[in-house]
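# Examination of the molecular architecture
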Amino acid sequence: MDQWSIASSLNRRALLRRAGTAAAGLVALPLSACEAQNSLFSADGAGANPLAIPELNQGIVEQGERVFRLSISAGQKEFVPGVVSPTIGINAPYLGPTLEMRRGERVRLHVDNGLDDGATVHWHGFELPAAADGGPHQLIRPGARWSPSFEVRQRASLYWYHSHLHRGTGPQVYAGLAAPIYVRDDEEDALDLPSEYGVDDIPLIVQDRVLDNSGKLLYPQNMHAQMMGVRGDRLYVNGTQNAVFDARTGLLRLRILNGSNARFYDFSLSGGQTMQIIASDGGLLERPRAVRSLRLAPGERAQILVDLSEGRPLSLVATSPDNSMGMMGGDGGGMMGRRRDDTEMDEPFRVLDIRPSDSSPQRKLPSQLAPLPALDPSLAVRTRRFVLDMGMMGGGMSINGASMDMNVISERVPVGQWEIWEIANASMMAHPFHIHNAQFRVIDRNGRTPPPLETGYKDTVIVDPREQVRLLLRFEEHTDPDLPYMYHCHILEHEDAGMMGQFVVVDS
Ligand SMILES: [Cu+2]
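Basis of the calculations
Residues numbered from 1 in each chain as written. Predicted model: local features only at pLDDT ≥ 70, side-chain atom pairs only at ≥ 80, totals over all residues. Heavy atoms only, no water. UniProt positions renumbered as here; feature names shortened; annotations may be inferred. 1 Å grid on protein atoms, 1.4 Å probe; cavity = no way out; pocket = protein on both sides within 12 Å on 5 of 7 lines; lining within 4 Å. Points joined across faces, edges and corners; volume = space filled by probe spheres on them. Nonpolar A, V, L, I, M, F, W, Y, C, P; charged D, E, K, R; others polar. Domains from an automatic or database assignment. Donors = N, O, S within 2.8 Å, 3.2 Å for Na, K, Ca; no water. Helix = DSSP H or I, 4+ residues; strand = E, 2+ residues; numbered from the N terminus. Buried < 20%, exposed > 50% of the residue type's maximum accessible area, 1.4 Å probe, protein only.

The name recorded for the chain in an unreviewed UniProt entry is Multicopper oxidase CueO, from Qipengyuania citrea. Per its UniProt entry, the chain bears the Catalytic activity (unreviewed entry) comment "4 Cu(+) + O2 + 4 H(+) = 4 Cu(2+) + 2 H2O". The UniProt entry for the chain carries the following text under Subunit (unreviewed entry): "Monomer."

One number sums up the size of the largest pocket: a volume of about 420 Å³. Around the largest pocket, the lining is made up of 19 residues, and of these P373, W418, Q439, Y457 and E476 lie nearest the centre. Tallied by class, residues from the lining of the largest pocket come to 8 nonpolar, 3 polar and 8 charged. Looking at which domains feed residues into the lining of the largest pocket, each of domain 2 (56-187) and domain 3 (377-506) supplies at least three. Taken as a whole, the second largest pocket encloses approximately 260 Å³ of empty space. If you trace the second largest pocket, you find 14 residues lining it, with R295, P451, L453, E454 and I462 closest to the centre. For the lining of the second largest pocket, a count of residues per class yields 7 nonpolar, 1 polar and 6 charged. Mapped onto the domain boundaries, the lining of the second largest pocket takes at least three residues apiece from domain 1 (3-47 + 195-356) and domain 3 (377-506).

We now examine the coordination of the copper ion. On the protein side, the copper ion has H431 (ND1), C489 (SG) and H494 (ND1) as donor atoms, found 2.0 to 2.1 Å from it. Sequence positions of the donors to the copper ion reduce to the motif H-x57-C-x4-H. In this pair, H431 is assigned in strand β30 (residues 431-435) and H494 in helix α6 (residues 492-496), connecting sequence segments 63 residues apart. The exposure class of H431 is buried, given its relative accessible area of 0%. Overall, the relative accessible area of 0% leaves H494 in the buried class.

Here it is in structure tokens:
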């Protein structure tokens, strides 16, 4: 039986869809009782497990540096009770601690690799020297230690660290090599935002997983999983299934990280309640933006405020949009021939149940957050164009026609120079495009104004099929003519299959 055929949650529509997929020759499967009981993408069923909150690790200040000690090792986790799966964790059996640092300080991270395989740790969203970036060139061999150091230049926000192993990022992140980073700064401290970690300021690492028939974690490696990315039928938040959080205050701040390998989510609140977006990948927006739904692709983050002042329980829910435009559907595909993938979830499923324990008065939402510089594309002195493609005819995953090659540097970018990067998608599937060493602004999408979340700083941006997204960016320091940074699709199976390229930042 095809590995992909294991799994699925099972409302009638999913079954109907599955029948369609099976007809297309992909899968056909019996459902075990265990799967149905543990199905996570179901709208019903009570939340049962207290949300795990990653340990907060503030490091230790030694000789002017904030020093973190991180140990990557093999671990174990019960994704379903009683069934142990091998995992990877950082200072923990699975996932790792939230690292807290402040803008303007120097940090040093001692990373010990206790695995039998090589690993890397990339500081996602940070502007730093290429040697400290943690991309595929900073391989940490088994038993070795890597100790990068850099100044924290980032604005206060939620960042994250995760594996970026060459051709092995997907399986390592999936096994657990990923965790949050909080950057704090004075500008944000001056605002009266909820900021008590684990109490009213909560990281949510949202990840889907596939389990095999015995309940063990499974990383599907068939053609379907490679093309579409690995998408599971079970949802975990900070590693917790069916998570519930007991909130204590009137205003709750959720820092959502889409840490999934490939799945996109449209988040919303139950009952149609609005949420206030206060921050994107790279920091606070200029002002809170009220929205009813929020789309995040893998690698993207958003911070939202949820009003609990009425004391009523509610849920963060999501649907999972079809980001494949009918690919693999077998009905001719194309923009007009949408056929749904069997892992798509167009009915809302619960991400997190929130239970307020009292109705303490709501803190006042600031009307202004952080001033941002005017977005001025005329600053740009040149435009670079990047075309993402999936090589359906056998060409492989590519950017500008080339697949990732560790020995090829495709772009040499002068430091300090404003540029427009134009990202075009020639494939039939949406891709989240991530640029290392940058926080950029989104100018427009096919000429149209971007949505609220994209009015702030971003390091990862969705590019829909047939879409062209223009970004304004500048690399302010850290030149190195030899050691490259990456730009790539953050669907990890696409990255591993070569939808990635390399650039260096050079003296101008
Ligand atoms: Cu992709």
